[in-house]
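# Structural features, examined
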Amino acid sequence: MIDQKWPLGLKILTATAALLVFVAGCLVFLYAPREIVMGEVQRVFYFHVASAWVGMLSFVVAAVAGVMYLVRRTRTWDLVGVSSVEIGMVFGLIAIVSGSIWARPVWNTWWTWDPRLVTTTIMELVYAAYVLLRQGVEDPERRARFGAVYAIVGVLTVPITFLSIRFLRTIHPVVIGSGDAAAQGGFDMTPPMLQTFLFSLLAFSVMYFALLLHRVRLARRAEALEMRRADLAMA
Amino acid sequence: MMETTPDTTAYLIAGYSVILGGLLLYVISLMVRWRALAREERVLAEIERSEKK
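The paragraphs below set out a description of the structure included in this document. All figures in this text were calculated on a predicted structure; none of them were measured in a lab. (Residues numbered from 1 in each chain as written. Chains lettered and ligands numbered in written order. Predicted model: local features only at pLDDT ≥ 70, side-chain atom pairs only at ≥ 80, totals over all residues. Heavy atoms only, no water.)

Counting through the fold element by element, A:Gly39 comes out in the loop between helix H1 (8-31) and helix H2 (44-72). You can call A:Gly39 buried: its relative accessible area is 1%. In contact with A:Gly39, not counting residues within four places along its chain, are A:Arg34, B:Thr5, B:Pro6 and B:Thr8. (Helix = DSSP H or I, 4+ residues; strand = E, 2+ residues; numbered from the N terminus. Buried < 20%, exposed > 50% of the residue type's maximum accessible area, 1.4 Å probe, protein only. Contact = heavy atoms within 4.5 Å.)

Spelled out as structure tokens, the structure:
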């Protein structure tokens, strides 16, 4: 039976995450200077990159959970995996849409078949398939095994997406390291911009772990209910 | 010739609406699913009680 009340640790983590995201928002709008070439839309960058980062982090965590499940065969690792994938998909979608909005005034188009955009979309579709295919497996053990193997293979899309703007010809700017000469919309970060950027990454990372714990609690409750339902049907 | 900074405020608002709106929707979806499970648990408990009688 899952306790309805949040444990103290989860309460503290949730409050910390909310506070950090709020402070990050204040830094984005009140502390970071306006970029002179792109104007106000450049501020989308801070939460856009943080969302993309959480998306990738989620898929890596799902792969680690997959390995842990295959080694330990503990149900909790399967729930961590499926929960992390769901959160990764939400943040991945947010990154794609917010990036498209940023691109409209900067690249003069909502969408272009750039390597970064394509690899991000493929990554998102790979995990959408994970969710759909998982639902088709009835036996919980087989479903968990399938999910674990899929998450381990699927995580290959993360380094491909991350490195696509570093190795392929692209117009997508590179935040850390040097990018392609054809990149459009890049800018030199001033110290306040860099501080805001790093703080946003931290805030979103803490928020990810808070959401993950909430989502795992939800999954555990759903699983417990499923077992009760099965017991009742057998009785 | 001096170039002026373009007014891209509308895109900024749209971008943050998507980011914060998406986050909010996800949190609401977690809450809705949690409540739906609680409702289902209550129904199951009632069925279990009636079966014991």
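A few words now on the pattern of salt bridges. Residue and element names in this part refer to chain A. For the structure shown, the criterion picks out nine salt bridges over all chains. The residue Arg 75 makes a salt bridge to Asp 78 at a minimum N-O spacing of 3.3 Å. Highlighted residues: Arg 75 and Asp 78, both in helix H3 (residues 75-107), separated by three residues, approximately one helical turn. By relative accessible area, which is 21% here, Arg 75 ends up partly exposed. Overall, Asp 78 belongs to the buried group, its relative accessible area being 3%. Counted as one network, the salt bridges with shared partners bring together Arg 75, Asp 78, Arg 134 and Glu 223. (Salt bridge = Lys/Arg side-chain N within 4 Å of Asp/Glu carboxyl O.)

This brings us to the packing of H1(A) against helix H7 (residues 191-234) of chain A. Residues and elements named next belong to chain A. Taken N-terminus to C-terminus, the directions of H1 and H7 make an angle of 150°; their axes are 8 Å apart at the nearest point. Classified by the angle their axes make, H1 and H7 are roughly antiparallel. Crossing angle aside, the handedness with which H1 passes H7 is left-handed. Counted by class, the contact of H1 with H7 contains 18 nonpolar, five polar and one charged residues. (Axes fitted to C-alpha atoms, helices over the stretch in contact; angles between N-to-C directions. Parallel < 35°, antiparallel > 145°, perpendicular 65-115°, else oblique. Left-handed = near helix turned anticlockwise from the far one by under 90°. Nonpolar A, V, L, I, M, F, W, Y, C, P; charged D, E, K, R; others polar.)

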